[in-house]
Amino acid sequence: MDDTLSFVVYVLFGAIGLGYFVYGKRQKKLVPLTCGVGLMVYPYFVSNATLLVVFGCALIGLPFFIRY
């Protein structure tokens, strides 16, 4: 069950990260660009499902609080 949840979280946050990356690149905004890269890369380094969700939600919310 944990493997299935991890896979779904990888795919979900990876897709959101790709969206942030494309948006940041087209708009030339650094914060969404780096959050997008972070969302696509961090699941390879975190194995706990709870930490995946916590870090993912933090990276998703970061561009709404930091505007550059």
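Computed from a predicted model, the values in this text were never measured in an experiment. (Residues numbered from 1 in each chain as written. Predicted model: local features only at pLDDT ≥ 70, side-chain atom pairs only at ≥ 80, totals over all residues. Heavy atoms only, no water.)

Novice: Looking at this structure, I do not really get the overall build of the chain. What am I missing?
Specialist: Secondary structure summary: the chain contains 3 helices and 0 strands in total. Traced from its N-terminal end to its C-terminal end, the chain shows the element sequence α-α-α. Relative to a compact globule of 68 residues, whose C-alpha radius of gyration would be 11 Å, the chain shows 12 Å and is just as compact. With the C-alpha coordinates aligned to their principal axes, the bounding extent of the chain is approximately 40 × 20 × 15 Å. Within the chain, the proportion of its 68 residues that are buried is 29%. When contacts within the chain are restricted to residue pairs at least 6 apart in sequence, those whose partners lie at least 24 apart make up 50%. (Helix = DSSP H or I, 4+ residues; strand = E, 2+ residues; numbered from the N terminus. Rg over C-alpha atoms; globule rule 2.2 N^0.38 Å. Buried < 20%, exposed > 50% of the residue type's maximum accessible area, 1.4 Å probe, protein only. Contact = heavy atoms within 4.5 Å.)

Novice: Just checking my understanding: could you explain the packing of aromatic side chains for this structure?
Specialist: Two aromatic rings, taken as a pair, are described by how far apart their centres are and by the angle between their planes. Applying the stated criterion to the full structure yields 1 aromatic pair. Each ring, one from Phe13 and one from Tyr42, has its centre 6.4 Å from the other, and the planes form 45 degrees; the classification is tilted. Of this pair, Phe13 sits in helix H1 (residues 2-27) while Tyr42 sits in the loop between helix H2 (30-41) and helix H3 (49-65), and the two are 29 residues apart along the sequence. The pair Phe13 / Tyr42 is uniform in exposure class, with both members buried. (Phe/Tyr/Trp six-rings, centres within 6.5 Å; stacked < 30°, edge-to-face > 60°.)

Novice: What is the right way to read the nonpolar core from this model?
Specialist: Nonpolar side chains in soluble globular proteins tend to be buried together. Membership of the largest hydrophobic core is limited to 9 residues, which are Val9, Phe13, Tyr20, Val31, Cys35, Leu39, Tyr42, Val46 and Leu52. Elements supplying a minimum of two residues to this core: H1 and H2. (Core = buried A, V, L, I, M, F, W, Y, C linked by side-chain atoms within 4.5 Å.)

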